[in-house]
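# A look at the structure
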Amino acid sequence: MRLAAALLAALLAGLFGLPAPADTARAAVFPDVEGHWAEETVDWAVAEGIVTGYPDGSFRPNAPVSEPEFLAMLIRAFPEAGTPDPSGNGPWYAGYYDIAAGHGWMVSGILVAEWYNRGHVAQLIASTQGQQLSVTDAVQYLLDRGLSRGKTAPTVEGYRPDDSLTRAEAAQFIRNLKDSGLRLGDPQTGGTSAVSETPRSAEVLVRGIAIGDTEESVRVKLGPPARVDHSQYGFSWLVYNSDPANYTLVGVQSGRVVGLYTSGGDWIVRDGTVRPGMTRSQVERELGQPETYILKGNTRFQIHRDDLEISGLYRLEGAFVKFYYDNFQSEIIAGIKIVESETELALRSFHGPPGDRLRESFERQSFELANATRAQRGLDLFVWNDRVAAVARKHSEDMAARGYFDHVNPDGDSPGDRLEAAGLDWRGYGENIAAGHSDAIDAHHAWMNSEGHRSNLLSGLRELGVGVAFGGDYNVYYTQNFYTPRNR
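These lines cover the structure that appears in this document, whether it is placed above or below.

Analysis parameters
Residues numbered from 1 in each chain as written. Predicted model: local features only at pLDDT ≥ 70, side-chain atom pairs only at ≥ 80, totals over all residues. Heavy atoms only, no water. Salt bridge = Lys/Arg side-chain N within 4 Å of Asp/Glu carboxyl O. Helix = DSSP H or I, 4+ residues; strand = E, 2+ residues; numbered from the N terminus. Buried < 20%, exposed > 50% of the residue type's maximum accessible area, 1.4 Å probe, protein only. Pairing = 2+ DSSP bridges. Axes fitted to C-alpha atoms, helices over the stretch in contact; angles between N-to-C directions. Contact = heavy atoms within 4.5 Å. Core = buried A, V, L, I, M, F, W, Y, C linked by side-chain atoms within 4.5 Å. Parallel < 35°, antiparallel > 145°, perpendicular 65-115°, else oblique. Left-handed = near helix turned anticlockwise from the far one by under 90°. Nonpolar A, V, L, I, M, F, W, Y, C, P; charged D, E, K, R; others polar. Phe/Tyr/Trp six-rings, centres within 6.5 Å; stacked < 30°, edge-to-face > 60°. Lys NZ or Arg CZ within 6 Å of the ring centre and 35° of its normal.

## Brief notes about the pattern of salt bridges
If the charged atoms of two oppositely charged side chains come close together, the side chains can form a pair. Summed over all chains, the structure comprises 28 salt bridges. Between D56 and R60 there is a salt bridge; the shortest N-O distance is 3.3 Å. Salt-bridge contacts for E363 lead to R359; the nearest nitrogen and oxygen are separated by 3.2 Å. In this pair, E363 and R359 are both assigned in helix α15 (residues 356-376), four residues apart and thus about one turn of the helix distant. Under the relative-accessibility criterion, R359 is labelled buried at 14%.

This is the structure:
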């Protein structure tokens, strides 16, 4: 009875963010922690009301932890950081993210436990001490200060930054912070940022990579890419899609980096002045108002009003940096794209020369961007369907050829009609169309800022095919067809 009461008290304390009574918490014994390397730390964390067990009497020390869960544990351990406001109708973790934003901590916004890794934790912990660092530098910061001894060795590699964070590891990280005597939001002045010590003067880092780095160094840091795509600029995109929630493109030309994009949280601008988790207003407070046009030669390329509503373009040292915002989530940064200044200015258009390689790249990137968005929200990933993609491509070609932009073609055929005509018997379907966007990245973020298109991207439909066509009044047309077969 005493064990059951203790578990219930600890569980309720965890659910409502209250400290568990010390005597009941210490009485909680978790059979699955006995003999575990973190047994003592788990006992300590439970006694402190930082984390609780499960109703079945287990602790599950090796289960993965999401960012909201770790953030909640961290703030419970350091109540001086702030008390989260009641969530009301919002998600339970909203108040914890408000506290993090107020202190300027680096958060990734990754809600899925399996995608939240030890590298993200290093960045978050370092930022609580005023250090806005890349993953590599954040890990080294923790190692140098005894906040981690690594997982297999006291090195960046031995730290295993790409491994998911477990419940036991989360408790240990927090205990290390407490034992060190550090406080949250109380930056230490005795050291300097590892980024500022680097010989590079890069204003933007994505996964530790800057414009001007060598292609060889990229492949050393990130490994071989999943494939190499074409870009509208003429350079090649190295595609890193093995971790959908941290989807990354690295643009290379003549052996050096000239472009970067990520929808993940491993990036910093100006040594952390602008960082993941910030909103449009915070970016504008730091960088000012975004550009409204780009002057290429003697031609002024005006940025469309619709684009200004969902993104902000800045010309920083040696590069154009574009922040994509999510207007459905408090205008938080949802992606960042960087293009070397010379490369951007050399493209005397908003669009690159059309071709099959560019079309295929846009189609695959559009599909992967959709799955990156879903992975960050814990949704099942779409499965690519070639037959559905053929239907989508045909519709894009038809819009370009016949000069219309609509889900229903001039013959009166709807998306469902077109799927059926291709022999695809559907139980559910949806369609997104876009035109004129310079690449699949711009098209994706436009869809995510439109209620109907966003609903399709986050829907329960199972499969996706994307078709792109060049030509017509808008230069390029994009169609996404979402599909669930009748027998599913």
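## Quick look at the sheet that holds strand β10 (residues 319-326)
The strand order β2-β3-β4-β5-β11-β10-β9 describes an open sheet built from seven strands, whose pairing is antiparallel. Only two strands of the sheet have a single neighbouring strand rather than two, namely β2 (227-230) and β9 (311-316). Direction aside, the axes of adjacent strands within the sheet are offset by 25° on average. Two strands pair when backbone bridges link them, and strand β4 (residues 248-253) and strand β5 (residues 256-262) are joined in this way by six bridges, in the antiparallel orientation. Its bridge partner being in β5, G251 is matched across the sheet by G259. Along the sheet, helix α11 (residues 215-222) contacts β3 (236-240), β4 and β5; its crossing angle with β3, the most-contacted strand, is approximately 10°. In the packing of helix α18 (residues 440-448) onto the sheet, the strands contacted are β4, β5, β10 and β11 (332-340), and the crossing angle to β10 comes to about 25°.

## A word on the pairing of strand β15 (residues 476-485)
In terms of burial, β15 is largely enclosed, as ten of its ten residues are buried. Side-chain alternation along β15 places V476, Y478, Q480, F482 and T484 on one buried face and Y477, T479, N481, Y483 and P485 on a second face that is also buried. Hairpin connection between strand β14 (residues 463-470) and β15: a loop of five residues separates the two successive antiparallel strands, and G471 in this loop has a positive phi of roughly 115°.

## What to know about the nonpolar core
Of all hydrophobic cores here, the largest spans 54 residues; its most connected members are F70, L71 and L142. For this core, the elements supplying multiple residues, two or more each, are α3 (39-47), α4 (67-77), α5 (94-103), α6 (118-128), α7 (135-144) and α9 (167-180). In terms of residues, this core owes the most to one element, α4, which gives seven residues. Contact partners of L71, with chain neighbours within four places excluded, come to Y96, Y97, A100, W105, V107 and L124.

## Let's talk about α3
Among the residues of α3, T41, V42, W44, A45, V46 and A47 are the ones counted as buried. Taken from the residues just after α3, G49 is the one with a positive phi, measuring 75°.

## Considering the pairing of β10
Counting buried positions along β10 gives eight out of eight residues, so the element sits mostly inside the fold. A two-sided burial pattern is seen for β10, the buried positions comprising A319, V321, F323 and Y325 on one face and F320, K322, Y324 and D326 on the other. The turn joining β9 and β10, which pair antiparallel and follow one another in sequence, is formed by two residues; a positive phi near 80° is taken by G318. Here β10 pairs with β11 via eight bridges, running antiparallel. In the sheet register, F320 faces β11, and the bridge partner there is V339.

## A word on the packing of α6 against α9
Interaxial distance between α6 and α9 falls to 12 Å at its minimum, and their mutual angle equals 20°. As the angle between them shows, α6 and α9 are arranged roughly parallel. Once α6 is placed against α9, the crossing between them reads as right-handed. Contacts between α6 and α9 involve R118, V121 and I125 from the former and E169, F173 and L177 from the latter. Here the residues of the contact of α6 with α9 sort into four nonpolar, no polar and two charged.

## What to know about the packing of aromatic side chains
Following the criterion strictly, the structure yields 18 aromatic pairs and no others. A ring pair is formed by W267 and F323, whose centres lie 6.1 Å apart and whose planes are at 50°; its orientation type is tilted. Of the two residues, W267 sits in strand β6 (residues 267-269) while F323 sits in strand β10, which places them 56 residues apart along the sequence. Look at F323 and you get buried, because its relative accessible area is 0%. Between R60 and the ring centre of Y54, over which it is positioned, the NZ or CZ distance is 3.7 Å. Looking at R167, its charged tip hangs above the ring of F59, at a distance of 4.2 Å from the centre.

Read these as spatial facts, not as claims about activity.
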